[in-house]
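# Report on the structure
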Amino acid sequence: MAKKNVPKKLTFMSIYFLGINGIIGSGAFLLPQSIYKDMNLLSVIVLLSAALTVGLIALCYADLASRFTGSGAAWLYSYNAFGRFAGYELGVFTWFLGCCTYAAEVVAFLTTLKSFIPAFNQSSIYFAVGIGLIILFSIINFFGRSLVKIIDNTSSIAKLSTIILFIVVGVFFMHFVNFHPVMPAAAAQGVGPFLHHFGAAFSVVFYLFSGFSFIPIAASQMKDPAKNIPRALIAVMISVTILYTLMLLIAIGILGHKMSWYTIPIANAFKAAVGEWGYIVVIVGVLLSIFGVAFTCSFNTPALIASLSLEHHLLPDWVGKKNKFDAPWVGIILTAAVTLLLITQSYLFLVGCIVLASFVQYVPSIFAVIKFKHTDQYPNHGFKLPGGDTIPILALLVACYLVFNFTWETMLLSIVVAAVTAILYFFLGKRRLAKIGGIPTAIREIKNHPELNKHNQKPDNK
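So, a few notes on the structure that sits alongside this text. Worth saying up front: this structure is predicted, and the values here are computed from it rather than measured.

### Quick notes on the packing of aromatic side chains
This model, assessed by the stated rule, comprises 18 aromatic pairs. Ring plane angle 20° and centroid distance 6.1 Å describe the contact between F198 and F202, whose orientation is recorded as stacked. Placement of both F198 and F202 in helix α9 (residues 191-209) is noted, with a separation of four residues, approximately one turn of the helix. Here F198 and F202 have matching classes, each one buried. Taken together through their ring pairs, the aromatic side chains of Y61, Y77, F194, F198, F202, F206 and Y362 make up a single cluster. Between K271 and the ring centre of Y279, over which it is positioned, the NZ or CZ distance is 5.3 Å.

Below is the structure:
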């Protein structure tokens, strides 16, 4: 009898590079302009502050990842800590976050093209290409996953090669005179103006690191996730912080106050350093990187909403329907429809939506850490957060600080998404739960996992 082929699980290094590729996206190339406008040279300090504070939240995720081996990340943690409705809301918000990220990458792609092709300043051409890209990605996804790995690997190589080349070569073209002014005159007028500028820059920088929360989503496909995910999360955050800091510092050292002139300052900094060929190299690398991230989002986001339906029974069956190529065609259409609406918005608006959707994931996850620490309901395996409740409380304060930097438009959009999601739950959720006979199989398996529950002293009453 032939042995059944078992797919190889992701090793630590695979998880590490998956995290690097998931965090470093279009923002690394497009957002330095916005950050510099708010804080000038102090934008480097803002970046390091954001890295430190996001690191606290990442440590909370590392603690949770050590308790669960199942896929799902934030929604899974919230389900087990606070019940089915919390898991359902977080699951839908994670899908919405995926749609926002998908839209942001498409807009970033179009913005990059606009920077050197004047025709893209015409709305008709801009939106026609954007719509065409989303339709193209959807059609490719209808035929399964054969191209995903190729495009993802190409994107990763292009992205990291471009960043490393810029750092290694650009460091020789820095001028210390360009490190002035240290901060904008408007920010130096008092504590209030300084905090306003710092907060505006902080929320944008926060976006640069937000992708870490996607690392544990596919935990079941990883080797020894309870040990490897926490290690990978910490290693990825340190590596990305170093790369971002060097990129920003070198770009400022080359361009100085001209940083605020350019939509893609990294490309223009390399052009100023080595000439036109440097600009072309960075632009090609940026386009390949953004294209790859957008395509990966177009594949992973429908898969997430389909899994909420098929594996976790949090949505109706029809949402998870697949075609003969095993592609979640309903999820692909729903994701494409929402993304098409979102690309009508600006890149910075979408960045704000992503930060807000991330905030919605972070807060319940942090509370879950605090709860599990006190109940020992799901013991740690491989990593334990030190310092009692200190790190979760600090992480919670950081997450809540973001609230003061959200615009009313992003707040309104999040309220609408939460309300619609809640209405659908109360109309469909109870009937769905009764139909399948209580807690979904996937969740029962996690709850009853012998390794995760052997020290559990309290019965599960959910």
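### Side note on the environment of K271
Tracing the sequence through the fold places K271 in helix α11 (residues 265-274). C-alpha of K271 to C-alpha of I254: the two residues are 17 residues apart in sequence and 9.8 Å apart in space.

### Comments concerning the pattern of salt bridges
Enumeration over the complete set of coordinates arrives at two salt bridges. Between D63 and R67 there is a salt bridge, and its shortest N-O distance comes to 2.8 Å. For the pair D63 and R67, a shared accessibility class is recorded, and that class is buried. Here K271 ties to E276 by a salt bridge, and the two come within 3.5 Å at their closest N and O atoms. On the basis of relative accessible area, K271 is assigned to the partly exposed category, the value being 36%. E276 gets classed as partly exposed once you look at its relative accessible area, which sits at 45%.

### Focus: helix α14 (residues 347-375)
Helix length check: α14, at 29 residues, gives a terminal C-alpha distance of 42 Å against a target of 42 Å (1.5 Å per residue), a fit within 8%. Residue D376 follows α14 closely and has a positive phi angle near 55°.

### Let's talk about the packing of helix α10 (residues 225-255) against α11
Helix-helix packing: each pair is described by the crossing angle between the helix axes and the interaxial distance. Put simply, α10 and α11 touch, their axes get as near as 9 Å, and they point 50° apart. Judged by the inter-axis angle, α10 sits oblique to α11. The element α10 and its partner α11 pack so that their crossing is left-handed. Packed against α10, whose contacting residues are M247, A251, I254 and L255, the element α11 presents P265, I266, N268, A269, A272 and A273 at the interface. Class assignment of the residues belonging to the contact of α10 with α11 gives a composition of nine nonpolar, one polar and no charged.

Rules behind the numbers
- Residues numbered from 1 in each chain as written.
- Predicted model: local features only at pLDDT ≥ 70, side-chain atom pairs only at ≥ 80, totals over all residues.
- Heavy atoms only, no water.
- Phe/Tyr/Trp six-rings, centres within 6.5 Å; stacked < 30°, edge-to-face > 60°.
- Helix = DSSP H or I, 4+ residues; strand = E, 2+ residues; numbered from the N terminus.
- Buried < 20%, exposed > 50% of the residue type's maximum accessible area, 1.4 Å probe, protein only.
- Lys NZ or Arg CZ within 6 Å of the ring centre and 35° of its normal.
- Salt bridge = Lys/Arg side-chain N within 4 Å of Asp/Glu carboxyl O.
- Expected span 1.5 Å × (residues − 1).
- Axes fitted to C-alpha atoms, helices over the stretch in contact; angles between N-to-C directions.
- Parallel < 35°, antiparallel > 145°, perpendicular 65-115°, else oblique.
- Left-handed = near helix turned anticlockwise from the far one by under 90°.
- Contact = heavy atoms within 4.5 Å.
- Nonpolar A, V, L, I, M, F, W, Y, C, P; charged D, E, K, R; others polar.

Function-wise, these values are silent; they only describe arrangement.
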